[in-house]
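Spelled out from the first residue to the last, the chains are:
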Amino acid sequence: MLGNSIKENIAEVEKIIDEECSKAGRNRNEVTLIAVSKTKPVEMLQEAYDAGCRDFGENKVQELVDKYEVLPKDIRWHMIGHLQRNKVKYIVDKVYMIHSVDSLRLAEEISKEAVKKRVDVNILIEVNVANEETKFGVSCEEAKKLVMDIAKLPNLKVKGLMTIAPFVENAEENRDIFKKLNKLAVDIAREKVDNIFMETLSMGMSGDYPVAVSEGATYVRVGTSIFGIRKGI
Ligand SMILES: *Cc1c(COP(=O)(O)O)cnc(C)c1O
């Protein structure tokens, strides 16, 4: 696959998402591909845009803002990386969704800036399902309380959950992680709290997105399989 054009890579990923949806009896419209473009130059993002991509994922505030300034305005920008509170103000009116909310203090900051800028911000709660020490995110046990606390804050919409599954050789090893995130979202949705919409599951990356789709992902975040390998991160 690598060595192909970005357009061909996207077509290949889309085809696999299609197949997984049919196998799982899911409607293809339920799943959106986020092209994870971190570290990649805007020319490559433009190529993905020309191939039809409108959802892009970045993990650094400065990089997201720089790309936002020069690329078409109908792009939906997804902040998928760890977010520091002092940087929230730079992106709150530029992002379509923040996937990496893992504390009440961060949510309060996003809410405060959103009120100031008079925008609503879609957020996901990042859950560290596998309890990996090296990863951000709350545990499954903490997630429900955090969601309930955040639901009270103005100008925020809690749209669902996100997880970064462990790096594994065989994607099947992550099936349980995806199942658990899905189940957690269903559990939280049952509480029927105002302002909580557990309709979004952001899970699956280049190594395991087919499994994530079969377990209910509504966003898959795919970088390497579209843009090729990255230097460093
Ligand atoms: C980099 C990154 C991805 C994409 O990873 P690939 O393995 O290149 O597809 C997805 N999600 C998050 C949070 C990331 O930081």
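Quick caveat, the model's predicted, so the values are computed rather than measured.

(A) Main features of the overall build of the chain. A count of helical and extended segments in the chain gives 9 helices and 8 strands. Scaling as 2.2 N^0.38, a compact globule of 233 residues should have a C-alpha radius of gyration of about 17 Å, and the chain matches this with 17 Å. For the chain, the spread of C-alpha atoms along the three principal axes comes to 45 × 40 × 35 Å. The contacts of the chain with a sequence gap of at least 6 include a subset with a gap of at least 24, amounting to 59%. For the chain, the exposed area adds up to about 11300 Å²; of that, 49% sits on carbon and sulfur atoms. Side chains of the chain give 36 positive and 38 negative charges; the mean places of these two sets differ by 4 Å.

(B) Just the packing of aromatic side chains, in detail. In the structure shown here, the tally under the stated rule is 1 aromatic pair. Ring centres of Phe56 and Trp77 lie 5.8 Å apart, and the angle between their planes is 35°; on these two criteria the pair is classed as tilted. Here Phe56, found in strand 2 (residues 55-58), pairs with Trp77, found in strand 3 (residues 76-79); they are 21 residues apart in sequence, far enough to count as distant. One residue, Lys94, lies across the ring of Tyr68, its end atom 5.7 Å from the ring centre. Note that Lys159 overlies the ring of Phe197, its terminal NZ or CZ placed 4.8 Å from the centroid.

(C) Inspection of the site of the ligand at higher detail. Residues in close proximity to the ligand include Val36, Lys38, Ile80, Ile164, Met205, Ser206, Arg221, Val222, Gly223, Thr224 and Arg230, which together make up its full environment. Between the ligand and the protein, one listed contact pairs an oxygen atom with a side-chain N or O atom of Lys38 at 2.6 Å. Contacts to the ligand include Ser206, whose side-chain N or O atom sits 2.5 Å from an oxygen atom. Protein burial of the ligand: of its 390 Å² of free accessible surface, 89% is covered by the chains. Most atoms of the ligand, that is more than half of them, are within 2 Å of grid points of the largest pocket. In terms of residue class, the shell around the ligand is built from 5 nonpolar, 3 polar and 3 charged.

(D) View of the environment of Asn182. With respect to the element layout, Asn182 can be found in helix 7 (residues 175-189). Placed 20 residues apart in sequence, Asn182 and Met162 show a C-alpha to C-alpha distance of 9.8 Å. Discounting residues that sit within four places of it in the chain, Asn182 has contacts with Leu201, Glu215 and Gly216.

Cut-off values and rules
Each chain carries its own residue numbering, running from 1 in the written order of its sequence. Local features in this predicted model are restricted to residues of pLDDT 70 or higher, and side-chain atom pairs are both shown and tallied only at a pLDDT of 80 or more, whereas totals for entire chains, interfaces and linings draw on every residue. Side-chain numbers come from the whole structure's heavy atoms, not from hydrogens or water. In this description a helix means any DSSP run of H or I spanning at least four residues, a strand means any run of E spanning at least two, and both kinds are numbered starting from the N terminus. Computation of the radius of gyration draws on C-alpha atoms alone. For the globule rule, the value is 2.2 Å times the number of residues to the power 0.38. We call two residues in contact whenever any of their non-hydrogen atoms come within 4.5 Å of each other. The protein chains shown are the only cover counted for residues, whose accessible areas, like all others here, come from Shrake-Rupley with a 1.4 Å probe. Working convention for charge: Lys and Arg count positive, Asp and Glu count negative, and His plus the chain ends are omitted. By convention, the charge on Lys lies at NZ, on Arg at CZ, on Asp at CG and on Glu at CD. We call Phe, Tyr and Trp rings a pair once their centres come within 6.5 Å, taking the six-membered ring for Trp, and we label the pair stacked below 30 degrees between planes, edge-to-face above 60, and tilted otherwise. We call a charge positioned over a ring when the NZ of a Lys or the CZ of an Arg lies within 6 Å of the ring centre and within 35 degrees of the ring normal. To be near a molecule or strand, a residue needs just one of its heavy atoms within 4 Å of it. Polar contact is defined as a pair of N or O atoms within 3.5 Å, subject to the rule that within protein one atom must be able to donate a hydrogen and the other to accept it, and that residues adjacent in sequence are counted only when both atoms are side-chain atoms. Both cavities and pockets are sets of points on a 1 Å grid over the protein atoms alone; in a cavity a 1.4 Å probe fits but cannot get out, in a pocket the set is open with protein on both sides within 12 Å along at least five of seven lines, and lining residues sit with an atom within 4 Å of a point. To be counted as sitting in a cavity or pocket, a molecule needs more than half of its atoms within 2 Å of that site's grid points. Gly is placed with the polar residues, together with every amino acid not listed as nonpolar (Ala, Val, Leu, Ile, Met, Phe, Trp, Tyr, Cys and Pro) or charged (Asp, Glu, Lys and Arg).

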